[in-house]
Amino acid sequence: MYLNCHTYYSLRYGTIKPEKLLAIASKNDIQTLALTDINNTSACLDFVRLSEKYNIKPVLGIDFRNGAEQQFVLLAKNNEGFQNINAFLSRFLHNNNLEIPERAPELEHTYVIYPYRNHKDFSLKEHEFLGIKPKDLNTLKFSKWNNFRSKLVILKTVSFETKKDFNTHRLLRAIDNNTLLSKLPKSEEGQPSDSMLPYGELCETYQEFPELLDNTSTVLNNCTIAFDFSQETPNNQKSFTQDEDSDYGLLKTLTYEGLAYRYKDPDETIHNRIKKELDIIKSKGFVSYFLINHHILEYARSKGYYYVGRGSGANSIVAYLLRITDVDPIELDLYFERFINLYRKNPPDFDIDFSWTDRDDITNFIFKTFKNTALLAVYNTFKFKASVRELGKVFGLPKAEMDVLTRGRYNINDLDKLSRLVLTYSEYIQGLPNYLGIHASGIIISEKPIHYYTATFLPPKGYATTHFDMVVAEDIGLYKFDILSQRGLGKIKDTVEIVAYNHPEKSPIDIHDIKRFKQDERIKYLLRNAKAIGCFYVESPAMRMLLKKLQVDDYLGLVAASSIIRPGVAKSGMMREYILRHRYPDRIKKAHPVLLDIMPETYGVMVYQEDVIKVAHIFGGLDLGQADKLRRGMSGKFRSRDEFLAVKQQFFDNCKKSGKPETLTAEVWRQTESFAGYAFAKGHSASYAVESYQSLFLKAYYPLEYMVATINNFGGFYRTELYVHEARMHGGIIESPCINTSFNQTIIKGKTIYLGFMFLHALEAKTIKNLLEERHQNGRFKSLDDFIDRVPISVEQISILIKINAFRFTGINKRELLWEAHLKISKTTFETHINTLFKTEKINYETPELPSTALENAFDEMELLGFPLCNPFKLLEKPLEIKLKANDLPNHIGKIVSVKGYLITIKNTSTSSGKRMNFGTFLDHDGYFIDTVHFPPVASKFPFRGKGVYAITGKVLEEFDCINIEVQSMYKCAVIEDPRYSDNTKILASQC
């Protein structure tokens, strides 16, 4: 009897979780229920999937509203009707300027329910009805519609479960309207009575109008919706060619054509693996998925785009031969069943990384090439701190009070009533969907039209985007194509181009010669000594330390390290055990024989997702279907479900039957369980390692060019400043931007690196464009006057260029240049530059002699670039007494030392008891790393206070050749007064 029910996907309106709505309906003896979220279909498929659990017949529709004003409700008689409703809604969601009309269009296989309005004169068609709310019953008796009861149905809206839900709803509406709660119009609210009544009570409410009960039942009985959630049959585009048989023939042909490119002399092992994979791919219906990926990457190669195929897809030799991945699964003994197996119901996916500069074109190609295509949505939910701010505004709290609440530094007993309400309701709305966003990479290509499953909206990217997320997509058999972007590939591609112009005498780089890279001694040296700043996946402080501890210098070691660094291995305590067994081979004897036999390469330690599956299957006696549940549980997107723990008891029972000690079983399960949501597939780690080797090669042989590319791609793990520093450590001469030499991006000439204009804060793109175009057309600038004559620019914009010393070629002090610019440029920005027949001679004013110092330059650089180009230690108030440096620390193991370090990065973490602690990374005076650990008492007493140089006192510790300082105290060192605003004019330039 309920035709108008909302979940919390009626964004910033509803409050009920979809499954909770079904539970409430079941409790109230409702057998058929219509879900009609407001202008949204996010919950629809899950609602249908879960309805069977509650023995409820699902009906789908949409509540069409302008803001909170209900125009009509559309219900789908069947799947075709649902598709028509979705297509209709999508027209409005794709064009924000359109309003929902008062009257619905005539859509096949749908019902329309208009809200009863006494002042409206409706002429209803056969499939249209008026919805009568309980509050309308009295007026209905005196309305003309009382004589047309065949066109009337019950419209009892359900948006809330409790009074608290209604209060939450009002707060959500205030947030949506960006207004104080006290000023929220009643027209923007629902009714407190919009909750579900038991079936009997609802019938009693409408007992004077039995026809309404009958009409409503008829409408609901005539609606039937069904989707296949078995995942037995993929719903992606079924064939790439004209039919599935032709698809398989093409896949087979392409696979064997790829043999010559990948293998010189393929043996029986390779041929058997190909046959096995092709058979499984065909039987599971994944042939078109492989062909579509191949087609996308064929296009990428034709455009010269770099890409990396990773994830468990790297376990497939067919993917390797199709050049979807670059990892040889035979060489690494990769377990194909981790990617696809006969027990796996949900579809696989490839993760394809492109340079961030190329991904948009790839996405555009996919949308142009394939008919039924859409991006996947993500549900952006209310987070606690953001909720506190939103609700603080709704309640009218001052910013200072909101700051106190978000920082958590308060005594609950000292807070006033409003502040307590903010905290209470912030917790209540935490996790509720706030708005729909775009999945970072997921694209679906469906056999049926996308609107068969969902309405779509149009985000700024301009591509139709579903209302559901990737979990729902997989539930319905739509497996996504992951098209990701990363800066690492951009760095590699750009470096190759930079080397070509900076070293034209050298032969072109074959960046895909991975086999040679694996044997390169320079790369081995960088790995062993963790000198990999800027290199993909191996530059972070944690990875730097792990490489040192493992003394990795080969490909397999790097593959293992890429996975060991993940939280799953660390959490289980097996990272340390792996290091011990790697460093001290005698310790391998401690491994259980069965585990060592399963995982000899990793010394009996579970490192990869495949290891967990193998241990579950061989050690725990689980069949491959049960092991596949573990695979799902190890995937972060499913860790909220119960797949991982569903097989726990069976694991223990099997181990007991086979006579394994209970303590051993418990320990192996503990390690297994720790992988939930945090493990890498081995193929994924291997794919990362390939890209790491490419970047390591470039860093080893072309460090300056590689740092320039890193800077232009906006760094990696660290800020731009560290990559500028790293270039300097490799002999680079760093120059600030120059109007006659620099470009938008950073460039290199020989060993001199000119930073790009794009790194100057507040310098407008239009200014850069005008400058570069004029220089390209008419040559270098001869003076400030020449620049002003030729480039339309405001005084504010030219001041940025002067302050960064971009006119240093003139030999004139920049303070004097600033005076000249202010005198010669109008306060109004020039929009166009007019060439005149005769050049007007500029008046040259007598300007005072205004010397500037190198220290002033440093402060200008910090303001405009974000960091100084000089050594930051030279900006300290007190001259630095250098007693101890990073390279001296190995000689002071176990001793208390005092050092000074320039802060690079901080890692915040928590102890097992939930207390905050930190790890710090600093540079000493000479530019070498100092690593620190700050346990909770010290972290609390001596917090970090932003960028700068710190005086650190602590104990020097050493573990597996890694040195760090356990901090006991830490103070930030004072810097000199900004000389640009100081009265002290005697500061000497030689200081910096």
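Refer to the preceding data block for the structure.
One numbering rule holds for all chains: residues counted from 1, following each sequence as written. For this predicted model, a pLDDT threshold of at least 70 governs which residues receive local features, and a threshold of 80 or more governs which side-chain atom pairs are given and counted, while totals over whole chains, interfaces and linings are taken from all residues. Neither water nor hydrogens contribute to the side-chain values; these are computed over all heavy atoms in the structure.

Asker: Would you mind going over the overall build of the protein with me for this structure?
Answerer: Secondary structure counts use DSSP, requiring at least four H or I residues in a row for a helix and at least two E residues in a row for a strand, with both numbered from the N terminus. A count of helices and strands for the protein gives 39 helices and 23 strands. Against the 2.2 N^0.38 benchmark of 30 Å for 992 residues, the protein shows a C-alpha radius of gyration of 33 Å, consistent with a compact globule. Between buried and exposed lies partly exposed: a residue is buried under 20% and exposed over 50% of the maximum accessible area for its type, with that area taken using a 1.4 Å probe on protein chains only. Taken over 992 residues, the protein has a buried fraction of 57%. Two residues form a contact once any of their heavy atoms are found within 4.5 Å. A fraction of 69% describes how many contacts in the protein between residues 6 or more apart in sequence connect residues 24 or more apart. Atoms counted for the radius of gyration: C-alpha only. Globule rule: 2.2 Å times the number of residues to the power 0.38.

Asker: What is the right way to look at helix α18 (residues 487-502) in this model?
Answerer: In an α-helix, one turn spans 3.6 residues; hence positions three or four apart end up facing the same way. For α18, built from 16 residues, the straight-helix expectation of 22 Å at 1.5 Å per residue is met to within 8% by its first-to-last C-alpha distance of 22 Å. Of all the positions in α18, only Gly488, Leu489, Gly490, Lys491, Ile492, Lys493, Thr495, Val496, Ile498, Val499 and Asn502 are classed as buried. For α18, the secondary structure elements touched by its buried residues are β9 (307-310), β10 (351-355), β15 (481-486), α31 (682-701), α32 (703-712) and β17 (747-749). In protein, a polar contact means a hydrogen-donor-capable atom and an acceptor-capable atom, both N or O and within 3.5 Å, with residues adjacent in sequence counting only if both atoms are side-chain atoms; elsewhere, any N or O pair within 3.5 Å suffices. Put simply, glutamine 486 is the residue that caps the front of α18, since its side-chain oxygen is 3.2 Å from the backbone nitrogen of glycine 488. To estimate the expected span of a helix, count its residues, drop one, and scale the result by 1.5 Å.

Asker: Would you explain the environment of valine 938 in this entry?
Answerer: Take valine 938: it is sitting in helix α39 (residues 936-941). The spacing of valine 938 and glutamate 966 is 28 residues in sequence and 9.5 Å in space, taken between C-alpha atoms. Setting aside residues no more than four positions away along its own chain, valine 938 makes contact with Val967 and Gln968.

Asker: Help me understand the sheet that holds strand β18 (residues 752-754) in this model?
Answerer: Two orientations exist for strands paired in a sheet by backbone hydrogen bonds: parallel and antiparallel. Any two strands are treated as partners once DSSP identifies two or more bridges connecting them. The three strands lie next to each other as β16-β18-β17, forming an open sheet whose pairing is mixed. Of all strands in the sheet, those bounded by a partner on one side alone are β16 (733-735) and β17. Here the strands of the sheet are splayed against their neighbours by 25° on average, with no regard to which way each runs. When β16 meets β18, the two strands line up parallel, connected through three bridges. If you follow glutamate 735 over to β18, its bridge partner there is tyrosine 754. Only the stretch in contact is used when fitting a helix axis, every axis being a line fitted to C-alpha atoms; angles between N-to-C directions are given from 0 to 180 degrees.

Asker: Explanation requested: the packing of helix α29 (residues 648-657) against helix α30 (residues 662-673) in the structure shown.
Answerer: For any two helices packed against each other, the geometry comes down to the angle between their axes and how far apart the axes lie. At a closest axis distance of 10 Å, the pairing of α29 and α30 adopts a crossing angle of 145°. Every pair of crossing elements has a handedness; the one defined by α29 and α30 is right-handed. Counted together, Lys648, Phe651, Phe652 and Cys655 of α29 and Thr665, Ala666, Val668 and Trp669 of α30 form the full contact between these two elements. In this count, Pro and Cys sit with the nonpolar residues alongside Ala, Val, Leu, Ile, Met, Phe, Trp and Tyr, while Asp, Glu, Lys and Arg are called charged and the others, Gly among them, polar. Per-class residue counts for the contact of α29 with α30 are six nonpolar, one polar and one charged. Each crossing gets its handedness from the near helix: less than a right angle anticlockwise from the far helix is left-handed, clockwise is right-handed.

Asker: Hey, could you run me through the pairing of strand β4 (residues 69-76) in this one?
Answerer: Looking along a regular strand, one sees the side chains alternate between the two faces of the sheet. Taken across its eight residues, β4 has seven buried, putting it largely inside the fold. Both strand β3 (residues 57-66) and β4 contribute to a ladder of six bridges, which runs antiparallel. Bridge pairing links aspartate 63 to valine 73 in β4. Bridge count for β4 against strand β5 (residues 110-115) is four bridges, and the pairing is antiparallel.

Asker: What should I look at first to understand the pattern of salt bridges in this one?
Answerer: Side chains carrying opposite charge are able to pair once their charged atoms draw close together. Think of a salt bridge as a Lys or Arg side-chain nitrogen and an Asp or Glu carboxyl oxygen that are within 4 Å of each other. Inspection of every chain in the model, using the stated rule, returns 48 salt bridges. When the shortest N-O distance is used, the salt bridge between lysine 141 and glutamate 208 registers 3.6 Å. Placement of lysine 141 in the loop between α4 (137-140) and β7 (152-154) and of glutamate 208 in the loop between α6 (199-205) and α7 (210-221) is noted, with a sequence separation of 67 residues between them. Exposure remark for glutamate 208: the relative accessible area of 54% places this residue in the exposed category.

Asker: For this particular structure, what's the right way to read helix α33 (residues 720-729)?
Answerer: Within α33, eight of the 10 residues are buried, which leaves the element mostly enclosed by the surrounding structure. For α33, the set of buried residues is Thr720, Glu721, Leu722, Tyr723, Val724, His725, Glu726 and Ala727. Phi turns positive one or two residues past the end of α33, at glycine 731, with a value near 90°.

Asker: Help me understand a nonpolar patch on the surface in this model?
Answerer: Taken together, the side chains of Val404, Tyr410 and Ile412 present a nonpolar region at the surface, about 220 Å² in accessible area. Summarising the element assignment, valine 404 is placed in helix α15 (residues 399-407). Classification of valine 404 as partly exposed rests on a relative accessible area of 35%. Patch membership needs two things, relative accessible area over 30% and no salt bridge, and members are linked within 9 Å if like-charged or within 5 Å if nonpolar (Val, Leu, Ile, Met, Phe, Trp, Tyr). Here, Shrake-Rupley sampling with a 1.4 Å probe gives the accessible areas, and only protein chains in the shown set may cover a residue.

Asker: Any chance you could explain the packing of aromatic side chains here in plain terms?
Answerer: A pair of aromatic rings is counted whenever rings of Phe, Tyr or Trp (Trp by its six-membered ring) have centres within 6.5 Å, and the orientation is called stacked for planes under 30 degrees apart, edge-to-face for over 60 and tilted otherwise. Per the counting criterion, the structure on display carries 47 aromatic pairs. Residues tryptophan 356 and phenylalanine 714 carry aromatic rings whose centres are separated by 5.9 Å and whose planes lie at 65° to one another, so their mutual orientation is edge-to-face. Placement of tryptophan 356 in the loop between β10 and α13 (359-369) and of phenylalanine 714 in the loop between α32 and α33 is noted, with a sequence separation of 358 residues between them. Classification of tryptophan 356 by relative accessible area gives partly exposed; the value is 30%. On the basis of an interplanar angle of 90° and a centroid distance of 5.1 Å, the ring pair of phenylalanine 536 and tyrosine 688 is categorised as edge-to-face. Taken together, the residues phenylalanine 536 in the loop between α20 (521-528) and α21 (541-550) and tyrosine 688 in helix α31 connect sequence positions 152 residues apart. With a relative accessible area of 14%, phenylalanine 536 lands in the buried category. Among the residues examined, tyrosine 688 registers a relative accessible area of 11% and is labelled buried. One aromatic cluster is present, formed by Phe286, Tyr289, Phe290, Phe350, Tyr479 and Phe481 through successive ring pairs. We count a charge as sitting over a ring when the NZ of a lysine or the CZ of an arginine lies within 6 Å of the ring centre and within 35 degrees of the ring normal. Over the face of the ring belonging to phenylalanine 129 we find lysine 151, whose NZ or CZ atom lies 4.6 Å from the ring centre.

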